[in-house]
Amino acid sequence: MKTTIKSILLVASAMFIASCSSDDDNRNIDPDGSGSGSDDKIELKGEIKEDTKLEASKEYSLAGPVTVKDGVTLTIEPGTIIEAVSGRTDVFLAVERGGKLIAKGTSDKPIKFTSDAASPEAGDWGGIVLAGKAPSNKGTDVESEVAGLLYGGTDAADNSGELSYIIAEYTGAKINNEQEFNGISFFGVGSGTKVDNIVVNNGADDGIEFFGGTVDVTNVFCSNIADDMFDWTGGYKGKVTNAFGVRNNGFDMATEDPRGIEGDSNSSDATAEPISTPTLENVTILNLNQTVPLKAGAEIRRGTQATIKNILFAAYRDASFGNRIDTNDDKGDGTLTIENAYAQGNVGEDKIGGDITGTVEEIGDGLVISDNNVVETKDGVGADLSVFDWASPSFVVTQTDGNVINEAELSGVITEDSKLIASVEYSLTGPLTVKSGSKLIIEAGTVIKAVSGRTDVFLAVERGAKLIANGTADKPIKFTSDAASPEAGDWGGIVLAGKAPSNKGTDVESEVAGVLYGGTETDDSSGELSYIIAEYTGAKINNEQEFNGISFFGVGSGTKVENIVVNNGADDGIEFFGGTVNVTNVFCANIADDMFDWTGGYKGKVTNAFGVRNDGFNMATEDPRGIEGDSNSSDAAAEPISTPTLENVTILNLNPDVELKAGAEIRRGTQATINNILFVAYGTASFGNRIDTDDDKGDGTLTIEDAYAQGSVGEDKIGGAITGSVTEIADGITVPSDNNVETKDGIGADLSAFDWASPSFVVTKQ
C-alpha cells in the first residue's frame, strides 16, 4: 500500500529504537521528531520497511541514515526538498538491492537534496546510494564502500527505480581515507533503472560513480567536484549521454588528483570479468579555475575499454589540465576509442599507455565566455548545456578578465590585465602596447577602428604578454579603418612578440613597433587568436619598415591561432619572424606584397591557407608573391633554419593587370615542405614563376606532395632542389558566374572554412 510519511511513522513506532548510532546498524525511522530537526520539519532517519511517499508540501530533515529495504519503494513527489543535517558522516539516503527509489521531479519542480547549514559546503552530508543486482567484477554479494549495502548479481536488467530532475548538493562526507560518499553512487545498478536530468553541485568526492552495473544515465551536470566529475569501476557497461562537468573559478577544494573522468575496471585484476566497457556521448569537461588544474580530462585505466563520442576538453584562459587523456597506469592500462573529440585551451598532452584510437581536434570556440559568469557552448561540440536550464547552472569566471576598458579611445600602454568589450566601439588612435606580464582580452564581436593615415597606429604585444582574442563564427573580432573610403595601408596592424627561437638572436628588435623578440622557449604562449579580421593594414614607415596584417615575431607554439582573415594589406598578409607558432585556417585577400611570408628560422605549421588577388586590386610592390619563404638573408646557414610545413594551400590570381612574381618563392636557406597546394591564375591573370628556389643570397629547397597548377602560372625557377612534381589540372578553381569562386574538394585549401567571414571575389567569368 501507499501511505504518506506521517502514517508510516505511526506504523513504525512499535519498532522504533530510541538512539541512532553512526555505525549504520540502526535505521528505524524516528517517529517523535527529536534530534536536530526543527518543529515544523519531519525528521527522517532509520529504515523504510513499507512503501512510503514523501510529499512536496512537507519539509523534511534528513537527520541520519535512511535505508529503503529490499522489496520496498520510496516515492518522492516533484518539488520535494530534503535538507540533510550537516557535519556528520552518517547522513545519507540508501536503497537496498531489491528496493526502489521513485524520485521523478519535473523541470519546474525538481527534487532537491541539500544541506541545512547556514553556509553550506561540499561534504556537509553523505549522498544518495543505490544498490542493484546487475553484474560487478568484484562479485555477486559485495559490500558497498559506503552505507553498508550488498550489491551485484546476474540481472543486467535489474530495476532500482526512477530518478529524474534531481539536484544533490553539498555531498561527499568523508568517513575515512577509504570511504567517502559521492553525490550519487550506483552500486551494481541495472539497465531497468531510469536515470535522467541529474545535477550534482559542490561535492567533496566524486559527482556520480558507477560500481559495476549497466544503468544508463542521460543529462547529468556536475559542478565543483573535489575529485572526479564522472567515475566508474567494477565492470560498468552502461551509457552516459550528455554529461557536462565544470570546476568553477574559486572552487579550490580538491583531492590530490581531481579529474573530469576517471574510468577503472578493476584495480586488483585489470582482466577481471566483466570488463568496464562504457560508452559516453556528448560530453564536456571544463576547467574555469586557474589555481586548481585537473589532473586529466579523462583518465582511462585498469582494464577499462571505453568509447567516447563527441567530447570537448576545455580549459579557459589560465585554467589547465595536467593531461588531456591518460591511459597509463601501473595497475593496468586502459584503452579509449574517441570520435569527434575537441580540445580548447591548455588541456595538456595525452599520456599514452593503452591505445587511444581516434584524434582530438584543437578549436577555439567550443566554449565562449560572453560575459562575466556566462558560458555559451557551440552546437554539436560536447554536451548540450541548454538541457540543464531547468537547474539554472551557475558559472564563476571573472577574476582573469582584469580591468574592463570602457573608454572608446585606445592608445598607450597596458600594464595590467585588461578587457575590451563588444558593447564599446573602440577607436585605435595611436600605438597600443600590451606590456610584459599583462594580458589584453578582447571579447567576441568587438570592433576596433584604427585612425587612418598614420604610421603609428597599431596593436603590439610584448614578449611575455598575452593577447586573448577569441571571436566566434557569429561574432568575429574586427580590426578595421575609420576612413570613409578605406584603403590598404590606412593603419599599421597587429604585432605579437614571443620568446621562441630566431636565427637573428635572442633579443632582437622587431622591424616595426619596437618590441624585443626571440629566446629559447619553443612552446612559449603569446595568447589566443581566433576568428579575427584585420583589414586595411600595412602602413609604410619607410622602405625598410612596413607593417603586415599580422606579424609574429618569435612567437611560440603555445600560442593558439586559427580562423584569421587579412583583407586589403599594403605589405604582407601574415609574416613569421622565426618562432614555432602554428596557424590553422588563414585567408589573405588583396595583399600588395606577399600573402604568406616567413623568415628568421620559422619552424611552425600553416594549415588551410587561401590567398587571392582580386581583379581590380592593383596596389602592388615590385615583387608580389603568394608565398615568400626566407631563412636568413645575411647567412643562409644560420640556425635555426626555417623548416616550415604548409598543408592545404591555394594561391589564386584573378587580376589580369598584376602578375604575381611567383606562386612560392623559397629561398635564403629555407627548407620547406608543402602538402596539397594549388597554384591558379584564372583567365588572363598570370604568375612570373610557379615555384622559385633560386636567390643570390642563398637558394632554398622545397618538398612538395599533391601539388597542382591551373592556368598561366609560369615555370619553376630552380636553384635549390624541388622534390616532387606538380600536376596540371583545369578544375581546381571554377568561376560559375561573375564574382563567384568554387573550389574542388581535396585540392588546395578548403574555402568553406571561411564562410563565417563571407569572403568576396572580384572576377569576370570567362
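Residues numbered from 1 in each chain as written. Predicted model: local features only at pLDDT ≥ 70, side-chain atom pairs only at ≥ 80, totals over all residues. Heavy atoms only, no water.

## Focus on the overall build of the protein
This is how it is decided: Numbered from the N terminus, helices here are DSSP runs of H or I no shorter than four residues, and strands are runs of E no shorter than two. Type-normalised accessible area, obtained with a 1.4 Å probe on protein chains alone, sets the label of each residue: buried when under 20%, exposed when over 50%, and partly exposed for intermediate values. Any pair of residues with heavy atoms lying within 4.5 Å of one another is described as a contacting pair.
A tally of helices and strands in the protein yields one helix and 62 strands. C-alpha atoms of the protein, sized along the principal axes, occupy 100 × 55 × 50 Å. Within the protein, the proportion of its 766 residues that are buried is 59%. A separation of at least 24 residues holds for 68% of the contacts in the protein among residues at least 6 apart in sequence.

## Let's talk about the pattern of salt bridges
Rules: What makes a salt bridge here is a side-chain nitrogen of Lys or Arg within 4 Å of a carboxyl oxygen of Asp or Glu, nothing more.
For the structure shown, the criterion picks out 47 salt bridges. The partner of glutamate 43 in a salt bridge is lysine 45, and the shortest N-O contact between them spans 3.9 Å. Exposure class is identical for glutamate 43 and lysine 45. Each is buried. Close ionic contact of arginine 463 with aspartate 507 constitutes a salt bridge, the shortest N to O distance being 2.7 Å. Of this pair, arginine 463 sits in the loop between strand S38 (458–461) and strand S39 (466–470) while aspartate 507 sits in the loop between strand S41 (494–497) and strand S42 (508–509), and the two are 44 residues apart along the sequence. Arginine 463 sits in the buried class, given a relative accessible area of 18%.

## Overview of the environment of glycine 234
You can see glycine 234 is positioned in the loop between strand S19 (228–233) and strand S20 (239–247). Placed 21 residues apart in sequence, glycine 234 and glycine 213 show a C-alpha to C-alpha distance of 8.0 Å. Not counting residues up to four positions away in its chain, the partners in contact with glycine 234 are Ser136, Asn137, Gly212, Asp264, Ser265 and Ser276.

## Here's the deal with the pairing of S41
The test is simple: DSSP calls a pair of strands paired once it identifies at least 2 bridges connecting them.
In S41, alternate side chains face the same way, and those of Ile494 and Leu496 on one face and Val495 and Ala497 on the other are all buried. Here three bridges tie S38 to S41, and the two strands are oriented parallel to one another. Pairing of leucine 459 across the sheet is with isoleucine 494, part of S41.

## Some points on the packing of aromatic side chains
Counted only if it meets this: Note on ring pairs: Phe, Tyr and Trp rings are taken, using the six-membered ring of Trp, and paired if centres are within 6.5 Å. Classes follow the plane angle, with under 30 degrees stacked, over 60 edge-to-face and the rest tilted.
Under the criterion given, the structure shown has 24 aromatic pairs. When the centroid spacing of 5.5 Å and the interplanar angle of 20 degrees are considered together, the rings of phenylalanine 221 and phenylalanine 244 count as stacked. Taken as a pair, phenylalanine 221 in strand S18 (residues 217–225) and phenylalanine 244 in strand S20 lie far apart in primary sequence, 23 residues in all. Residues phenylalanine 587 and phenylalanine 610 carry aromatic rings whose centres are separated by 5.5 Å and whose planes lie at 20 degrees to one another, so their mutual orientation is stacked. One end of the pair, phenylalanine 587, is in strand S50 (residues 582–591); the other, phenylalanine 610, is in strand S52 (residues 605–613), and 23 residues separate them in sequence. You can call phenylalanine 587 buried: its relative accessible area is 2%. Residue class for phenylalanine 610 comes out buried when judged on its relative accessible area of 0%.

## Brief notes about the pairing of strand S57 (residues 701–712)
Note: strand S56 (residues 671–692) against S57, eleven bridges, orientation parallel. Paired with glutamine 671 across the bridge in S57 is threonine 701.

## Focus: the environment of isoleucine 541
Among the structural elements, isoleucine 541 can be located in strand S45 (residues 540–542). Looking at isoleucine 541, the relative accessible area reads 38%, which means it is partly exposed. Placed 86 residues apart in sequence, isoleucine 541 and threonine 455 show a C-alpha to C-alpha distance of 5.9 Å. Leaving out residues up to four positions away in the same chain, isoleucine 541 has contacts with Thr455, Val512 and Phe547.

## Examining the side chain of arginine 668
Short version of the rule: Polar contacts, as counted here, are pairs of nitrogen or oxygen atoms within 3.5 Å of one another; within protein the pair requires one atom able to donate a hydrogen and one able to accept it, and residues that are adjacent in sequence qualify only if both atoms are side-chain atoms.
Structurally, arginine 668 is set in the loop between strand S55 (660–666) and S56. A polar side-chain atom of arginine 668 sits 3.0 Å from a polar atom in the side chain of aspartate 695. Apart from residues no more than four positions distant in its own chain, arginine 668 is found in contact with Asp630, Ser631, Asn632, Ser633, Ala636, Asp695, Lys697, Gly698, Asp699 and Gly700.

## Quick word on the side chain of serine 136
Tracing the backbone shows serine 136 in the loop between strand S9 (128–131) and strand S10 (142–143). When its relative accessible area of 8% is taken as the criterion, serine 136 is described as buried. Polar contacts involving the side chain of serine 136 include one to the main-chain amide nitrogen of lysine 138, which spans 3.0 Å. Filtering out sequence-adjacent residues up to four positions away, serine 136 remains in contact with Tyr151, Gly212, Gly234 and Pro274.

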